[in-house]
Amino acid sequence: MTKRPRAGTDFDRLRPRTPQTPVEPISSGTPADQQGKRALFSATGDEATPPAATGSVVVSCGDCGERSALTPAQALRYAVPSLHLPFLKRDRWSWMQCPACGRRTWVDITIQL
Amino acid sequence: MTRTIAVANQKGGVAKTTTVASLGAALASSGQRVLLVDLDPQACLTFSLGLDPDGLELSVHDVLMDRVGASMAIVSTPDGPDLMPATIDLAGSEVALLTRTGREFVLKQALDDVRRRYDWILLDCSPSLGVLTLNALTAADEVLIPLQCETLSHRGVGQLLDTVRDVQRLTNKRLRVMGVLPTLFDARTNHAQAVLADVSSRYDLRVIEPPIAKSIRFAEAPAAGRSVLVTAGTSKGAQAYREVARRMVAGEVGA
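Source: prediction; values computed, not measured. Along each chain, residues carry numbers from 1 onward, in the same order as the chain's sequence is written. The lettering of chains begins at A and the numbering of ligands begins at 1, in the order of writing. Local features are withheld for residues below a pLDDT of 70 in this predicted model, meaning they are given only at 70 or higher, and side-chain atom pairs are given and counted only at 80 or more; totals for whole chains, interfaces and linings count all residues. Only hydrogens and water are set aside when side-chain values are computed; all heavy atoms of the structure are taken into account.

A closer look at the nonpolar core
All names here are of chain B.
No. 1: Among buried residues, the Ala, Val, Leu, Ile, Met, Phe, Trp, Tyr and Cys ones that are joined through side-chain atoms within 4.5 Å form a nonpolar core. A 1.4 Å probe rolled over the protein chains alone gives each residue an accessible area, and that area as a share of the maximum for its type sets the label: buried under 20%, exposed over 50%, partly exposed in between. Counting residues in hydrophobic clusters, the biggest one holds 59 residues, and the most contacted among them are Val 37, Met 84, Leu 111 and Leu 123.
No. 2: With sequence-adjacent residues up to four places away left out, Leu 123 is seen in contact with Thr 4, Ile 5, Ala 6, Val 7, Val 20, Val 37, Leu 39, Leu 107, Leu 111, Ala 136, Ala 139 and Ala 140.
No. 3: Ile 5, Leu 27, Leu 36 and Leu 51 belong to the second-largest nonpolar core, a separate cluster that totals 34 residues. Any pair of residues with heavy atoms lying within 4.5 Å of one another is described as a contacting pair.

Here's what the structure looks like:
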């Protein structure tokens, strides 16, 4: 006679996934199936940044660390008002609203050529 | 500052859409400016809020295909929140995006145009871990996980957290897990209690209270094209969503 599985409230069959589980690196050479779940991502590195199209304005925020690629019109909206001190500050010499976190802070601005 | 929340769980039928519609209405009724985005090709959120998905000229599909700006596709709803609706064409977006470089960022960039108009943007994800859900997780500050307290849903949380970690590393390092919201909750069963306790301890996740009790009122509301806050405003479910919304506004959960 087959033994009937017990309907219990433990969850032993669930794979352990703890927050401490290391994330499998995508470009480590270890066998992450590029046609599996990874195929959903076009990003392949640790940069977490959107690709910037030619002519776009990339704003790097000193507060949140996020890089935001904007069209010139979008950049203008976030840059009003703004302050630019290229001769007084070495890094992040523009003060404006960060599109990512919304704070007014010092940022780097580059134009994608 | 706008808070963008992806309501996600790739398990179907766990009350993602109900949560977005109800929380959106509750937030709007407390004076918050709210945008809801329907990212499910089944367009259940769109239908639930009184629109006919088959009769829409513009939808989130057109936004993701870069045919129109986000503001062009947004409509207002009688319950208060604005809505970027979906149609079945959204299924095509998923296919079209799949070969595009930077496909994870399309929604984020589209929402940048309208983000400043709102206090809250709630993203109703489809029940899958596809490109649309990745777009939502990339555009969001936080992810809220509705959890039906049973084993298969428990398993889904683990899979979703794997994806969240991938997103944090690859496309959105700011993404945080707001917590799990127990839905379709039946406090009388030991199983529901056990699932909730195990999910919370196993993944170190915050359980957002109060739990949303199972109720037929939620199933009835979409027929009227209104949220449960309007169709059964004094029901326990409506009151629970109001309380969750109040705690969100007060900063007691998330952020």
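Further notes follow.
Regarding the environment of Leu40(A)
No. 1: Tracing the chain through its elements places Leu40(A) in the segment before strand S1 (57–61).
No. 2: Among all residues touching Leu40(A), those that are not within four sequence positions of it are Leu98(B), Arg103(B), Glu104(B), Leu129(B), Gly130(B), Val131(B) and Leu134(B). Runs of H or I in DSSP of at least four residues are treated as helices and runs of E of at least two as strands, each being numbered from the N terminus.

Some thoughts on the layout of surface pockets
All names here are of chain B.
No. 1: Both site types are read off a 1 Å grid over the protein atoms alone. A 1.4 Å probe that fits but cannot get out defines a cavity, while an open set with protein on both sides within 12 Å along at least five of seven lines defines a pocket; lining residues have an atom within 4 Å of a point. Grid points are joined across faces, edges and corners, and a volume is the space filled by probe spheres set on the points. Space inside the largest pocket adds up to approximately 500 Å³.
No. 2: Forming the boundary of the largest pocket are 31 residues, of which Ala 15, Lys 16, Thr 17, Thr 18 and Ser 48 lie nearest the centre.
No. 3: Secondary structure elements with two or more residues in the lining of the largest pocket: helix H1 (16–29), helix H2 (44–48), strand S5 (120–125) and helix H10 (216–224).
No. 4: In terms of residues, the lining of the largest pocket owes the most to one element, H1, which gives five residues.
No. 5: Throughout this entry, Asp, Glu, Lys and Arg are counted as charged residues, while Ala, Val, Leu, Ile, Met, Phe, Trp, Tyr, Cys and Pro are counted as nonpolar. The remaining residues, Gly among them, count as polar. Tallied by class, residues from the lining of the largest pocket come to 16 nonpolar, ten polar and five charged.

Quick look at the pattern of salt bridges
No. 1: Here, a salt bridge means any Lys or Arg side-chain nitrogen found within 4 Å of an Asp or Glu carboxyl oxygen. As enumerated under the stated definition, the model contains 15 salt bridges over all chains in all.
No. 2: A salt bridge links Asp63(A) to Arg103(A); the shortest N-O distance between them is 3.9 Å. Of this pair, Asp63(A) sits in the loop between S1 and strand S2 (67–70) while Arg103(A) is found in the loop between strand S4 (94–97) and strand S5 (104–111), placing the two residues 40 residues apart along the sequence.
No. 3: Its relative accessible area of 46% is what places Asp63(A) among the partly exposed residues.
No. 4: Residue classification places Arg103(A) among the partly exposed positions, given a relative accessible area of 40%.
No. 5: Salt-bridge contacts for Arg3(B) lead to Glu142(B); the nearest nitrogen and oxygen are separated by 2.9 Å. You can see Arg3(B) sitting in strand S1 (residues 3–7) and its partner Glu142(B) sitting in strand S6 (residues 142–148), a full 139 residues away along the chain. The same class applies to Arg3(B) and to Glu142(B), which are both buried.
No. 6: Connected through shared salt-bridge partners, Glu243(B), Arg246(B), Arg247(B) and Glu252(B) make up one network.

What about the packing of helix H8 (residues 151–170) of chain B against helix H9 (residues 190–203) of chain B?
Angle between the axes and distance between the axes: these two values describe a pair of packed helices.
Residue and element names in this part refer to chain B.
No. 1: Fitting a line to C-alpha atoms yields each axis, with helices limited to the stretch in contact; the angle taken between N-to-C directions then spans 0 to 180 degrees. For the pair H8 and H9, interaxial distance at closest approach is 10 Å and the crossing angle is 15 degrees. On the basis of their axis angle, the class for H8 and H9 is roughly parallel. As H8 packs across H9, the resulting crossing turns out to be right-handed. From H8, Thr 151, His 154, Val 157, Gly 158 and Leu 161 reach across to H9, where they touch His 191, Val 195, Asp 198, Val 199, Arg 202 and Tyr 203.
No. 2: Class assignment for the residues of the contact of H8 with H9 results in five nonpolar, four polar and two charged. Any angle between 65 and 115 degrees counts as roughly perpendicular, while under 35 counts as roughly parallel, over 145 as roughly antiparallel, and the rest as oblique. Note on convention: the crossing is left-handed when the near helix lies turned anticlockwise from the far helix by less than a right angle, right-handed when the turn is clockwise.

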